[in-house]
Amino acid sequence: MQNVKLLDHLISDNTDPRKSARSLYWAGYRIARIAELLNENVNTIHSWKRRDKWDDSTPLERVNAVLEAQLIHLVIKQNKEGKDFKEIDLLSRQLERTARIERYKNGGNETDLNPNVANRNSAPKQKPKTNLLTDAQIEKLNELFNEGLYEHQRIWYRAGINHRIRNINKSRQIGATMYFSHEGAIDAVNTGRDQIYLSASKAQAFQSRQYIVDFFHGIDMDLKGDVIHFPHNDARIRFLGTNSKTAQSYHGNVYLDEYFWISRFLEFRKVASAMASQKRWRQTYLSTPSSITHEAYKFWTGQLFNKGRRKDEQIRIDVSHKALKNGAVCADGQWRQIVTIEDAEQLGFDLFDINQLKMEYSPDEFANLFLCQFIDDSASVFPLSSLQPCMIDSWDVWNDYKPFALRPLGDRPVWIGYDPSHTGDSAGCVVVAPPLVEGGKFRIIEKHQWTGMDFAAQAEAIRKMTERYNVTYIGIDATGLGEGVYQLVKQFYPAAVAFKYSIEIKQRLILKMQDVLRRQRLEFDAGWTDLAQAFMAIRKTLTASQRFITYVADRNDEISHADIAWATMHAIYNEPLESLGGANSNSGFMGVF
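Numbers given to residues run from 1 along each chain, matching the order in which its sequence is written. Where local features are concerned, this predicted model is filtered to residues with pLDDT of at least 70; where side-chain atom pairs are given and counted, the filter is 80 or more; whole-chain, interface and lining totals use all residues. Hydrogens and waters are ignored; side-chain quantities use all the structure's heavy atoms.

Chemist: Quick one: what's the story with the environment of Pro420, residue by residue and with numbers?
Modeler: Relative to the helices and strands, Pro420 is located in the loop between β10 (413–419) and β11 (427–433). With 144 residues separating them in the primary sequence, Pro420 and Ile564 have C-alpha atoms 9.6 Å apart. In what follows, residue pairs with any heavy atoms lying within 4.5 Å of each other are defined as contacts. Setting aside its immediate chain neighbours within four residues, Pro420 contacts Ala427, Asp477, Thr479, Leu481 and Gly482. Runs of E in the DSSP output that reach at least two residues are strands. Runs of H or I that reach at least four are helices, and both are numbered from the N terminus.

Here's what the structure looks like:
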């Protein structure tokens, strides 16, 4: 029989019949047939099966035993043929594989089954490159950039190609910071040139970074690094505040945002312009206007160019809106432009309801914020010159403040000030960290302007602040709609203090704030230009009877936009006018006015 011939070595007189019987049993032979082949008693075979526990063995053990028996038989064979050597090789490799399976079953890993896995990981590991762009992604970025431009932004783009220095006095909220963030990113990707974004504070500079990160989400890429590096051409984009001591060591295209609000602008401009002094780099200055007394005003008007030059070398630059509406190259080599909100609208930027904005802002405020007119703050109670020493780079100076933590200041005490909306205006709220030592500095660490929120929602927002901070004082203007907020706040913070405005109370608030500014005891982030504008809007005037002096913001009868300034004063007034104390100084303070 053919099956018997294949197993001749198992039933020969030279093999152990007990092992032969086991192998035949595992090969599927019946006990009676095994007894017949081996010429053994059936009961003997059953006894071997029971005592050697043939049925308890695993499939792997059975295969190994048969492979081993066959391999040994071939190895000891005297006259081997070619097919014998092939079978020996095959059986050896199978035994090696079953050994790997055994190791894997006993707690090994995938390399026991497949040695190529280990070889695959044996080479030195290379860190994957971040921000690595493909040609298709670069092409898509350029498409997104070009498709998303409004016409006034296309004018800026063309000016950047033709002129090395751009100087732009622009309206708020016309997409300037976002545009120039995208422009710099596209230039870095396409040309390999470094880009440097400078602002009054690092926090404000990082707004440009966020615009770039959001832009790259359009190609499903999440940019990494505080300094954005593109490996395909080695371009880098940096974001710096005015406190950057090593800024002058960098070079590239420079973007200086909100430069009309930067303290010691002329000093910092020397550093900024030096980084882009080579002709291949361009400089871009953009800002909403501040005060005519600011250092940057002379840079804008060209008066700075005339300094130190002979009379016949001096220039006069027409910086009127009529002269610069369409952009113009001026006598000092700079390309200047004034872009008001009305200009942007005429060029297709239709995201505003200008008539509604004119109703929401006083004429002076609208002219400053949206028509690019500088403020004459000589009549202001808080001129820009008194506020500039307070405007600092909070990310560099405030090492103990972690804005994204659950408890940004830990258990340090803070004071909250609130100024309500009046017949529909936005309400203001600030969080102030008082000084811990006598004569120390107040720090405005949070500011909020709430529009379209009822008094219950505003009270709830204040309640959430008490969960994030160790609030030891809340001051609220309880006049008009503020009364509703005050009553709700008292439910979770009974010690809240209500201000009932009078001429005397306003005077004491102003005097306290003036004292704090005069002693330079206030700090807030330099990027918060709206807070500076709120203070600058407050002016001295006479009451209707012409008998008393009072203080008002530049407002119409219904709308106020100095709310965050008044909110700040409500918080700081927790330190009595007569005191130079710290966080726990409240002696002599009257609770309700």
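Chemist: How would you explain the pairing of strand β2 (residues 195–198) if you had to name every residue and give the values?
Modeler: Throughout, exposure labels follow a simple rule: accessible area from a 1.4 Å probe, protein chains only, divided by the maximum for the residue type, with under 20% read as buried, over 50% as exposed, and the rest as partly exposed. Residues of β2 alternate between two faces, with Gln195 and Tyr197 on one and Ile196 and Leu198 on the opposite face, all of them buried. Here four bridges tie β2 to strand β4 (residues 235–240), and the two strands are oriented parallel to one another. When the sheet's bridge partners are listed, Leu198 is paired in β4 with Leu240. Think of it this way: DSSP has to see at least two bridges between two strands before they count as a pair. Across four bridges, the pairing between β2 and strand β5 (residues 253–257) is parallel. Each bridged residue has a counterpart across the sheet, and for Ile196 the counterpart in β5 is Val254.

Chemist: Residue-level account of the packing of aromatic side chains, with values.
Modeler: In this scheme Phe, Tyr and Trp rings, the latter by its six-membered ring, pair at centre separations within 6.5 Å, and the angle between planes marks the pair as stacked below 30 degrees, edge-to-face above 60, and tilted otherwise. With the rule as written, the count across this model stands at 33 aromatic pairs. Aromatic pair Tyr197 and Phe239: ring centres 5.6 Å apart, planes at 15°, arrangement stacked. Separated by 42 residues along the polypeptide, Tyr197 in strand β2 and Phe239 in strand β4 bring together distant segments of the chain. Of the two residues, Tyr197 and Phe239, both sit in the buried class. Pairing Phe260 with Phe374 gives two aromatic rings, centres 4.9 Å apart and planes at 80°, and the pair type is edge-to-face. Within this pair, whereas Phe260 is found in the loop between β5 and α13 (265–275), its partner Phe374 is found in the loop between α19 (363–370) and α20 (384–387), the two being separated by 114 residues in sequence. Grouping residues by exposure puts Phe260 and Phe374 together as buried. Pairwise contacts between aromatic rings join Phe145, Trp156, Tyr157, Tyr179, Phe180, Tyr197, Phe206, Phe239, Tyr255 and Trp395 into one cluster. The ring centre of Phe305 lies 3.7 Å from the NZ or CZ of Arg309, which sits over that ring. A cation over an aromatic ring shows up here: Lys447 above the ring of Trp528, its NZ or CZ 5.2 Å from the ring centre. Any Lys NZ or Arg CZ found within 6 Å of a ring centre and within 35 degrees of that ring's normal is scored as a charge over the ring.

Chemist: Which residues make up the pattern of salt bridges, and what values go with them?
Modeler: Here, a salt bridge means any Lys or Arg side-chain nitrogen found within 4 Å of an Asp or Glu carboxyl oxygen. Within this structure, the stated rule accounts for 31 salt bridges. Lys325 is the partner of Asp343 in a salt bridge, and the nearest nitrogen-oxygen pair spans 4.0 Å. Taken together, the residues span a long stretch of sequence, with Asp343 in helix α17 (residues 341–346) and Lys325 in the loop between α16 (321–324) and β7 (328–329) at a distance of 18 residues. The exposure class assigned to Asp343 is buried, which follows from its relative accessible area of 5%. On the accessibility criterion, Lys325 (31% relative accessible area) is partly exposed. Linking Arg519 and Asp515 is a salt bridge whose minimum nitrogen-to-oxygen distance equals 3.0 Å. Among the residues examined, Arg519 registers a relative accessible area of 47% and is labelled partly exposed. Each member of the salt-bridge network shares a partner with another, and the members are Arg166, Glu183 and Arg282.

Chemist: How would you sum up the side chain of Gln195? Please name residues and give values.
Modeler: Relative to the elements of secondary structure, Gln195 occurs in strand β2. What makes Gln195 buried here is its relative accessible area of 0%. In the analysis that follows, any N or O atom pair within 3.5 Å is treated as a polar contact, provided that within protein one partner can donate a hydrogen and the other can accept it, and provided that, for residues neighboring in sequence, both atoms belong to side chains. Within the structure, Gln195 has its side chain in polar contact with the side chain of Asp187 (distance 2.8 Å). Excluding residues within four positions of it along the chain, Gln195 makes contact with Gly184, Asp187, Ala188, Arg236, Ile237, Arg238, Asn253 and Tyr255.

Chemist: Account for the sheet that holds strand β8 (residues 335–339), with residues named and values stated.
Modeler: Strand order across the open sheet formed by eight strands is β3-β4-β2-β5-β6-β1-β8-β7, with mixed pairing between neighbours. A single partner strand is all that each edge strand has here, and the edge strands are β3 (228–230) and β7. When β3 meets β4, the two strands line up antiparallel, connected through three bridges. Within β4, the position partnered with Phe230 by the bridge is Ala235. For helices, the fitted axis covers only the stretch in contact; all axes are lines through C-alpha atoms, and the angles between them, taken along N-to-C directions, range from 0 to 180 degrees. On the sheet, helix α10 (residues 151–162) packs against β1 (165–170) and β8 and is oriented at approximately 175° with respect to β8. In the packing of helix α11 (residues 176–191) onto the sheet, contacts are made with β1, β2, β3, β4, β5 and β6 (283–287), and the angle to β2 comes to roughly 160°.

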